[in-house]
Every structure is written in structure tokens, then in C-alpha cells.
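# Survey of secondary and tertiary structure
Each chain, written out:
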Amino acid sequence: MRLSGYLRSSFFSCALMSVAWPISFVSETHAQSSLPPVTVDAPDVRRPVSVARQAATTRRGATVRRARSPASAAAARPIEQGPGSQGQRDADGSIGVVATQSSAGTKTNTPLIETPQSISVITRTQLESQAVRNVSQALNYTSGVFGEPRGQVNGYFEFPYIRGFSPAGFLYLNGLQLLGASAGLQIEPYGLQRIEVVKGPSSILYGSGPPSGIVNLVSKMPTAKQFGEIQLSGGDFDRKQVAFDIGGPADPQGQFLYRLTGLVRDAQTQVDFTRDDRYFIAPAVTWRPNENTSFTVLAQAQKANSGFFNFLPAQGTFLPNVNGRISTSLYGGDPNFNRSTIESAAVGYQFEHRFSDVVTVRQNYRHAWLDVNADNIFTGAFLPNQQRIVTRTAFSNRDRYDADTLDNQVQLNFNTFDLRHTVLAGYDFQNSVQDKKTGNRPAPFLDLFNPTYYVPVTAPAFTVSTTQNFQQSGIYLQDQIKFGRFVTQLGIRNDRANTDTLDNFTNKTASQTDEATTKRAGLLYLFDSGVAPYGSYSESFQPQPGTDFFGAAFKPTTGKQWEAGVKYQPTFFNGLFTAAVFEITRQNVTTPDTAPGHQGRSVQLGEVVSRGLELESRVSLTNELDILAAYTYLDAKVTKSTNALGDLGKRPVGIPTNAASLWADYTFRSGALNGFGVTGGVRYTGSTAANADNSIEVPSYTLYDAAIHYELAYLDPRLKGFKLAVNATNLFDRVYTASCLSATTNQCFYGLRRTVLGSLTYRW
């Protein structure tokens, strides 16, 4: 099965390349053999004409030549500028905290105002201004997203929720799935240009996945402008970090561009005996043999040492405990059995060739591997009749992932009568092999209020050893149609997924094959004023491993979403405002089998419905002021269940009904404070259910963030390029519980206390 999958993908790839490359070089006889010299002007702090105004001008005037699309969701076409800053154009074309285009929702670099789906983009300017430490933290000011439900545990995994469902294990990097994300792979945010959140089912373009949508991470790409950056930072918990980012043309003609980004961090954390150390390096090279062809090689390697921050009981965190409050620095494990190292590497490419204004082909590929070595101790239940001493379990895990992902695309731009089409046809393929070993055994008890460490811990023997091969191939077709002010999106996809799991102890293999067809449709109307109401429908599917009591393989879970909303991109200042209402239905959810004699088995009778309202605004008024505002109302309920857990008609655990945030960054551009900036933010998260029957609730909480920054050139011209910043998260040091997986089984999580980070950055 594995061989046949490789043959199919290789045949398709070779066929595409054999067509693309000869024509690309033949076409050079009609074009320059190399790119003309690239001239880059200083960024204009004035806001350019908005996409909405450009679209209106095009409709009223002459036909404008259709712009080329980037090579993928990561925009393989080399960017023209280095790192951006407040009020200026970032490397990907966004200005300040406002992005106007994204490929994540369509793979065709469509303006957000013309996309009938809710998409939020966290720009490079926002990532830098908020000094985010991980991807989950970067999502805290995004509507519809609960960025840090596991609080301090986010040092190990990324666990956001989108519209009431988790995309954990379905992170994407440059439009290709990170198949090791479920094993603990984190992507260093310093190496990212932007983060794109596509909300709602997205199987039409990306294949299997949850109904939450996807989080697409976009790497920093080679640049046509020479630049450099060095950053020194440090802060709480003895955090020390050095980072650098350099890039530009490698030859006078600008055919070869490069970028090299790296980071070294040595840090402890809020929890005793745990660390947040990291080594990260990401080289990238682009070759542009002519103006119609681009080939970019991207690589990265990372080693992280991230301690597991453990579970905590509800009594002593947000519920009363006769012994008082449990310390937020408590480590539930033992230094004698404490290892969580994750090593990963990836190399791939993004190829694009434009044959004409009508035909463009792309191919994106990545090979990645991941090694996880973890030895941790989990806390468990209180001993009977007291709230002090807990049971513990020693757990060992060894994970090795090898994954190949490939995405081939053909884009056609043409007109039929008054209809303007952007047709995308694609074939993608994934193959991953996971070797996994796990084992557990009881560990010594722990007194949560007077812990004793460095006790003897016996490493558990491995009781599970499996080799799992997962393959998925998909064919998709999408048509974006413009007719006057109307924009329509239609799409369909067919996927086939195969999973073979070998038990290395018994030498038996369990196989499962799933096939699904998913669809999407959307309609939008774009007024000249920049207002765009829309409606859409989309679907998802996600294979579910396992069988029921009778041995029948589980069907994939399915997701269906109806969404309606309005977007507004003003024509007179730089901003984007969105409002959306939605209903997502997830079916075939596993729920405990309550039939006599079926204890411990599951049936697929479950259903969860999530309805909600999202409001979001992103504004960069001038080069002085950036503003973010978001509100989310979410009504999620279990609508079908065997009710063995008392969850029928109840909220899923860990999902807030209400959430709101407001953030602003103001920089003085004149007077005595010229170059000085101040930032403030507030985040409200409503109460969440702490157990299946909703009898326990985690209280709501409000957190405040703040920062100050200063461009030192205004102090002394010889310090041009230097910037000093101090960022504080949870400024007033609120002690809070982020959420619980289950309060009845002591699976709750403290949130991050106040953290302060200072940085000195030099750019040239």
C-alpha cells in the first residue's frame, strides 16, 4: 500500500514537472533570461488604495490584467521587503496588524474581502508587538479562538479551540499538514511571517480534519531586499534568548535570494524543574530563472526541551481545599524521571511556473521527521478521605515520525461571457510512518502541599509498541467566479485514507480504509463602499481509528457548517471589520456503549452542535496606531449521546460561551516622545464546564497585557536601527485556572502568571 501510494504521487509529480520545466525554458526565448534588477523603495507610511477600492475601480473601468498567485498558502513568490513595523508594509504585503489577502482559504491568494468564509490573519507586526512565545499565545486576540485552554501546558503542545472544536494535530506549515503536531511538535513563532486561521470545515482543500478549521503557519521567505536583524531578550524564569534573521539577493541579477533565521533559548518556566530550551535554524533559498518561474527550497531544524507541566485537581486550584491553594509552581512529577525532548527537521520546496495569464502550475513538497523522548510522572486522584496526597503514574513515550506531503496544483484564469473564473485543480498526497512505544506503572504518592522530590522511580516497561502507516490522497476542484459585484466559490473533493497499524508484539496488522467526498459553496456581494455580505456552506471528515463491540470499524466523523456574515474594508483608512454567525454540526462522535456487557466500548451515536457569533476588527489607522478588537459568543451542546456521562444537552468541557478582547499599540511620531510607544490589552474568557454533566464550572477571568517600546535613533542618530521593548503578559499577576479536561479526575490547568520579557533588537 505504501509503495503504490508513492508510485501514484511520483507519477503525477513527474508528469507535472516534465510539462512545466520544458515550457518554462522555451518561454524564456520570448522573455528576459533573468530577472531585471529589483528596486525597493522605503515603505510608505500612508495607507495604499484598499482592495475594495481597487475592485470597484476595476469594475467601473477597463479590465485589469490578472495578477499572479503565489506558489502556495505560504506565498512562494519571493517577497520584496524585509521585516515590517508599525504602519509600514510587512514582507507579505500586510500593513501593521491588517492583512488584506490570504491563500489559506482558497490556495489562490484571494483578497479577504472577496472570500465568503471567516479567516483571521495574525501579521508579523502583531507577533512582534505582542512578543508571543508560542503559536497558541499568538491566537489570544482572535475571534472564535480559545488560544490557551491548557494554560502553562502550552510549553509542550499547541491546544487551541476554534468555534468549539480542537484542531490539535491538524496544524499546517506553508499549506502542508504537520503530521507530527499531535505528538508534541511546536513551530517556533520567530520563524513565522504570519499565522492564518481558517474557521470552519476545510476538507475541500486540505482533506481529513476536524470541523474547527485549520491553523496555517507561514514561514519567513527569502527577500529581494537586503536586510538583517539581531535580537537579544530575557525575562522571568531566567529566560535568555538570542535570535537572528538575515536575507536578501545572493547575486547582482537577483536570480538567487536567501534567508537564514535562527534562535537559541535557555529558560526555565513557571513550574519547578521544567524548562523551555530551544535551538532553531531555518535556511531558505529562492531561484528565479525568469519572471514566470520561481523555485524555493525551505528547511528547518529544531531541538526543544520542554517539561511536561502536569494535571492538577479542581480542589485547591479553583475549588476550595481544606489545605489551602495549590502553588502555581508545583511540579507534580519528579526530577529523577523528567524528560521531554523533541527533535524535528524538515526540508521541502515550493515551485511555481506561469505559462501565460491563463495557466499557472505549482508543486509544494516537504519531508519531515520528528523524534519525541518523554519520561514523565502524571498526578492522579486524591487518596480517600483527604485532599492532600495524590496517586501518580510514571509514563514513558518514544515517538518517531517520518512524513512526506505533496500538493500539486493547476490554476486557470479565464472568462466565459461575463463570468471571470479562477479554477484550481489539485492532487495532494500524504504518507507518514509512526513508530510508537509507551509504557506506564504506578509511581510514589505525592503530597501536593509538602512535596518530596528525588525519590526512586522505576522506569516502566514498554507495553505498547506499534508501527502505523497513514496514507491519504485527494483530488480537488474549485472554481471562484466573479460576475459583476458577485463572487461565488464552488468546490468538491474526494479523499481516500488508509491506516495500517502493526502491533510489534503480536506481529498482527489492523487495517482501515476510509473514503469521503466533501463540498463547499459560497456567495458574496461586494459593494463599492467596501461592504461585503456573504453566505457559505462547507464540510469536513476525519477518520476515526478503532472498532465497536462487534468489530465494525468506526466511520469518519463528519462536519457541516452554515455561515453567514459581512465584511467591511474601508476605502479611506487601513482596516478590516468582520461579523459572522455560524452553525457547525459534528456527527459520528464516539460515545460510551451502554449496552449490557459492552463496558469499555464505544458507539458512534454522538453529535455536537456549535452555534455562534463572531465580531472582529483590525485597524492600522496611521503609522502611529494599531487596534485589535474581538468578541465571541459560542453556544456549543452535545445533542446526541448515550448519556452515560450525563452529557446530553450539556456544553462540551473547556469551551467558554463568551470571550472578548481589546488591544492597542500607539507610537508617538512627533514631540518629546517621538519614537516612544505604549501598548495595552485586555482579554476576557467566560466560565467553562469542568466536567461532562456541567455540574462544576471553571470561573471566568480577565487578564491584562502591556508593553512599552522605544526606537533609540530618536535618542541618538548613531543608534539607528535599535529598538528597546518590554512586554508584560497577565500584568496584574492574576492566579486563575485556564480550564479542565475533567474536574472529577483531577485534570485541570493553571494559567500563566505574570511574565515580563525585555528585548533589544537591531535591524539594518
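My aim in this report is to walk through the structure given alongside it, one point at a time. (Residues numbered from 1 in each chain as written. Predicted model: local features only at pLDDT ≥ 70, side-chain atom pairs only at ≥ 80, totals over all residues. Heavy atoms only, no water.)

## Considering the overall build of the chain
Formally: By definition, any uninterrupted DSSP run of H or I lasting at least four residues is a helix, any uninterrupted run of E lasting at least two residues is a strand, and each is numbered from the N terminus. Three exposure classes are used, based on accessible area relative to the maximum for each residue type with a 1.4 Å probe and protein chains only: buried under 20%, partly exposed in between, and exposed over 50%. By definition in these notes, contact holds between two residues if any of their heavy atoms fall within 4.5 Å. Areas reported as accessible are Shrake-Rupley estimates using a 1.4 Å probe. Residue values count occlusion only from the protein chains shown.
Helix and strand content of the chain: five helices and 35 strands. Across the 764 residues of the chain, 56% fall into the buried class. Sequence separation of at least 24 residues holds for 69% of the intrachain contacts in the chain that already meet a minimum separation of 6. Approximately 29700 Å² of the chain is accessible, and the part contributed by carbon and sulfur atoms is 60%.

## Section: the state of the cysteines
Cut-off, in case you're wondering: In plain terms, two cysteine sulfur atoms within 2.5 Å form what is called a disulfide here.
Per the counting criterion, the structure on display carries one disulfide. Here cysteine 740 engages in a disulfide with cysteine 748; their sulfurs sit 2.1 Å apart. With the S-S bond torsion at 105°, the cross-link from cysteine 740 to cysteine 748 turns out right-handed. Neither cysteine 740 nor cysteine 748 differs from the other in exposure class; each is buried.

## Description of unusual backbone geometry
The phi torsion at asparagine 730 lies on the positive side, around 55°, for a residue other than glycine. Tracing the backbone shows asparagine 730 in the loop between strand E32 (722-729) and strand E33 (737-742). Residue class for asparagine 730 comes out buried when judged on its relative accessible area of 1%. Within the chain, asparagine 746 stands out as a residue other than glycine whose phi angle is a positive 60°. Structurally, asparagine 746 can be placed in the loop between E33 and strand E34 (747-750). Of the residues examined, asparagine 746 reaches a relative accessible area of 5% and is grouped as buried.

## A look at the side chain of threonine 261
Basically, it comes down to this: In protein, a polar contact means a hydrogen-donor-capable atom and an acceptor-capable atom, both N or O and within 3.5 Å, with residues adjacent in sequence counting only if both atoms are side-chain atoms; elsewhere, any N or O pair within 3.5 Å suffices.
When you line up the elements, threonine 261 lands in strand E12 (residues 256-266). Residue classification places threonine 261 among the buried positions, given a relative accessible area of 2%. A distance of 2.9 Å separates the side chain of threonine 261 from the side chain of aspartate 245, its partner in a polar contact. Sequence-distant contacts of threonine 261, defined by excluding residues within four places in its chain, comprise Tyr190, Gly191, Lys220, Phe244, Asp245, Phe280, Ile281 and Ala282.

## Some remarks on the pattern of salt bridges
Oppositely charged side chains are able to pair whenever their charged atoms sit close together. The cut-off we apply is this: One side-chain nitrogen of Lys or Arg within 4 Å of one carboxyl oxygen of Asp or Glu is enough to make a salt bridge.
Summed over the entire model, instances satisfying the criterion amount to 42 salt bridges. In this structure, the salt-bridge partner of glutamate 616 is lysine 199, at a minimum N-O distance of 3.9 Å. Within this pair, whereas glutamate 616 is found in strand E25 (residues 602-620), its partner lysine 199 is found in strand E8 (residues 192-199), the two being separated by 417 residues in sequence. Since its relative accessible area comes to 7%, glutamate 616 is described here as buried. The exposure class of lysine 199 is buried, given its relative accessible area of 0%. The closest approach of N and O atoms between glutamate 229 and arginine 763, which form a salt bridge, is 2.6 Å.

## With respect to a nonpolar patch on the surface
Counted only if it meets this: Patch criteria: residues need more than 30% relative accessible area and no salt bridge. Like-charged residues are merged within 9 Å; nonpolar side chains of Val, Leu, Ile, Met, Phe, Trp and Tyr are merged within 5 Å.
A contiguous nonpolar patch, built from Ile230, Leu232, Val242, Leu724, Leu760 and Trp764 and spanning about 530 Å² of accessible area, is present on the exposed surface. Along the chain, leucine 232 falls in strand E10 (residues 227-235). Using a relative accessible area of 46% as the deciding quantity, one classes leucine 232 as partly exposed.

## Side note on the sheet that holds strand E9 (residues 213-219)
Put simply, the rule reads: Pairing between two strands is assigned when DSSP locates at least 2 bridges connecting them.
An order of E3-E8-E9-E6-E7 is seen for the five strands of this open sheet, with the pairing classed as mixed. Unpaired on one side and paired on the other, strand E3 (119-122) and strand E7 (176-177) mark the two borders of the sheet.

## Thoughts on the pairing of strand E31 (residues 701-711)
When strand E28 (residues 676-685) meets E31, the two strands line up antiparallel, connected through 10 bridges. Note that in E31 the partner of phenylalanine 676 across the bridge is tyrosine 710. The sheet contact formed by E31 and E32 spans six bridges and is antiparallel. Paired with alanine 707 across the bridge in E32 is asparagine 727.

## A look at the pairing of strand E17 (residues 389-416)
As defined by bridge partners, strand E16 (residues 359-382) adjoins E17 across 22 bridges and the pair is classed as antiparallel. The partner of leucine 370 across the bridge, within E17, is tyrosine 401. Taken together, E16 and the strand that follows it, E17, pair antiparallel across an intervening segment of six residues, in which asparagine 385 is found at a positive phi of about 65°. As defined by bridge partners, E17 adjoins strand E18 (residues 419-447) across 27 bridges and the pair is classed as antiparallel. Opposite phenylalanine 414, over in E18, you have histidine 421 as the bridge partner.

## Description of the packing of aromatic side chains
A ring pair, where both rings are aromatic, is described by two values, the distance of the centres and the angle of the planes. Applied cut-off: Working definition: rings of Phe, Tyr and Trp (its six-membered ring) pair if their centres are within 6.5 Å, and the pair is stacked with planes under 30 degrees apart, edge-to-face with planes over 60 apart, and tilted otherwise. In this scheme, Lys NZ or Arg CZ marks a charge over a ring once it lies within 6 Å of the ring centre and within 35 degrees of the ring normal.
Considering all chains together, one arrives at 25 aromatic pairs under this definition. Considering the side-chain rings of tyrosine 568 and phenylalanine 577, the 6.0 Å spacing of their centres and the 25° angle between planes classify their relative orientation as stacked. Exposure remark for phenylalanine 577: the relative accessible area of 27% places this residue in the partly exposed category. Above the ring of phenylalanine 582, the side-chain terminus of arginine 163 is found at 4.1 Å from the ring centroid.

## Some points on the environment of proline 149
Mapped onto the fold, proline 149 is located in the loop between strand E4 (145-146) and strand E5 (161-162). Overall, the relative accessible area of 1% leaves proline 149 in the buried class. For the pair proline 149 and tyrosine 750, spaced 601 residues apart in sequence, the C-alpha separation works out to 9.4 Å. Every residue in contact with proline 149, bar those within four places of it in the chain, is listed here: Phe159, Pro160, Tyr161, Ala738, Ser739 and Phe749.

## Comments concerning the nonpolar core
Side chains of a nonpolar character, in soluble globular proteins, are inclined to be buried together. Here is the rule: Take the buried residues of types Ala, Val, Leu, Ile, Met, Phe, Trp, Tyr and Cys, join any two whose side-chain atoms come within 4.5 Å, and each joined set is a nonpolar core.
Leu127, Leu139, Leu178, Leu192, Ile195, Val215 and Leu217 are the most contacted members of the largest nonpolar core, which totals 22 residues. Those elements giving two or more residues to this core turn out to be helix H4 (135-138), strand E6 (171-173), E8, E9 and E16. With three residues, the top contributor of residues to this core is E8. Residues contacting leucine 192, with those up to four places away along its chain left out, are Arg124, Leu127, Val135, Leu173, Ile187, Leu217, Val218, Ser219 and Lys220. Judged by nonpolar contacts, the second largest core, of 20 residues, contains Val97, Ile119, Tyr206 and Trp663.

## A few points about the environment of valine 487
Looking at where valine 487 falls in the secondary structure, it is placed in strand E20 (residues 486-503). Residues valine 487 and arginine 420, 67 residues apart in the sequence, show an inter-C-alpha distance of 9.4 Å. In this structure valine 487 touches Glu114, Ile481, Lys482, Gly522, Leu523 and Leu524, once residues within four positions along its chain are discounted.

## Some points on the environment of tyrosine 172
Among the structural elements, tyrosine 172 can be located in strand E6. Sequence separation of tyrosine 172 and leucine 217 is 45 residues, and the distance between their C-alpha atoms is 5.9 Å. Dropping the residues within four chain positions of it, tyrosine 172 is found in contact with Gln177, Leu178, Tyr206, Ser208, Ile214, Val215, Asn216 and Leu217. In this structure the side chain of tyrosine 172 is engaged in a polar contact, spanning 3.4 Å, whose partner is the backbone oxygen of tyrosine 206.

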